[in-house]
Amino acid sequence: WLSVSLPSKSILAGAIGLASAVIDNVPLVAATMGMYSTTLIPVNDLFWQLIAFCAGTGGSCLIIGSAAGVAYMGMEKVEFGWYSKRISFYALLGYLAGMAAYFAIRSVVVFV
C-alpha cells in the first residue's frame, strides 16, 4: 500500500520518520524491514541509510517520539503542549534540513 501511495522511496522514508514521532522507531524500522525485503531493496541501498536517519531523528518532532524526549519531560517537568507550541516546528525544520543535507551529500534525486 505504501509503495503505491507514495511515489518515491525518499518520500516513503520521510513519512516513516514522521511516523516515528508517535510510534517507537525500533518496531517501526523492523516493520519496514519486513515490508521491503533485502532481495527487493539490497542492504547497501541508500534507502536503508535514509530510513535509519529518518526513523532516528523524526521522533524528535514530538517530545514523546524519543526516549530522550520522554526523559526530558520527566526531569525538567516540560509539558507536551509547551514543547509542541515552542519546539516541534523547529525540530521539524531540523529534520527536513537533515534530509536535504543527506540528499545534497549523496546527490540523490529526491523525487525518483
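Above this text you will find the structure in question.
Residues numbered from 1 in each chain as written. Predicted model: local features only at pLDDT ≥ 70, side-chain atom pairs only at ≥ 80, totals over all residues. Heavy atoms only, no water.

All right, on to the nonpolar core then. Ala13, Tyr36, Phe47, Trp48, Leu50, Ile51 and Cys54 are the most contacted members of the largest nonpolar core, which totals 17 residues. By residue number, the principal contributor to this core is helix α4 (residues 46–58), which donates 5 residues. (Core = buried A, V, L, I, M, F, W, Y, C linked by side-chain atoms within 4.5 Å. Buried < 20%, exposed > 50% of the residue type's maximum accessible area, 1.4 Å probe, protein only. Helix = DSSP H or I, 4+ residues; strand = E, 2+ residues; numbered from the N terminus.)

This paragraph deals with the environment of lysine 9. Assignment of secondary structure puts lysine 9 in helix α2 (residues 9–19). With relative accessibility at 38%, the residue lysine 9 sits in the partly exposed group. In sequence terms lysine 9 and isoleucine 51 are 42 residues apart; their C-alpha atoms lie 9.4 Å from each other. Of the polar contacts made by the side chain of lysine 9, one reaches the side chain of aspartate 45; its length is 3.4 Å. (Polar contact = N/O pair within 3.5 Å; in protein donor to acceptor, adjacent residues only side chain to side chain.)

To continue, consider the side chain of serine 88. The topology assignment puts serine 88 in helix α7 (residues 88–106). Leave out the neighbours within four places in its chain, and serine 88 touches Cys61, Leu62 and Tyr83. (Contact = heavy atoms within 4.5 Å.)

Attention now goes to the packing of α2 against α4. For the pair α2 and α4, interaxial distance at closest approach is 7 Å and the crossing angle is 25°. Here α2 lies roughly parallel to α4, going by the angle between them. In this structure, the crossing between α2 and α4 has a hand that is right-handed. The residues of α4 that touch α2, namely those facing Lys9, Ser10, Leu12, Ala13, Gly14, Ile16 and Gly17, are Phe47, Leu50, Ile51, Cys54, Ala55 and Gly58. (Axes fitted to C-alpha atoms, helices over the stretch in contact; angles between N-to-C directions. Parallel < 35°, antiparallel > 145°, perpendicular 65-115°, else oblique. Left-handed = near helix turned anticlockwise from the far one by under 90°.)

Under the definition given, this model contains 1 salt bridge. Between lysine 9 and aspartate 45 there is a salt bridge whose closest N-O contact spans 3.4 Å. Of the two residues, lysine 9 is situated in helix α2 and aspartate 45 in the loop between α3 (25–35) and α4; the sequence distance between them amounts to 36 residues. Owing to a relative accessible area of 21%, aspartate 45 belongs among the partly exposed residues under this scheme. (Salt bridge = Lys/Arg side-chain N within 4 Å of Asp/Glu carboxyl O.)

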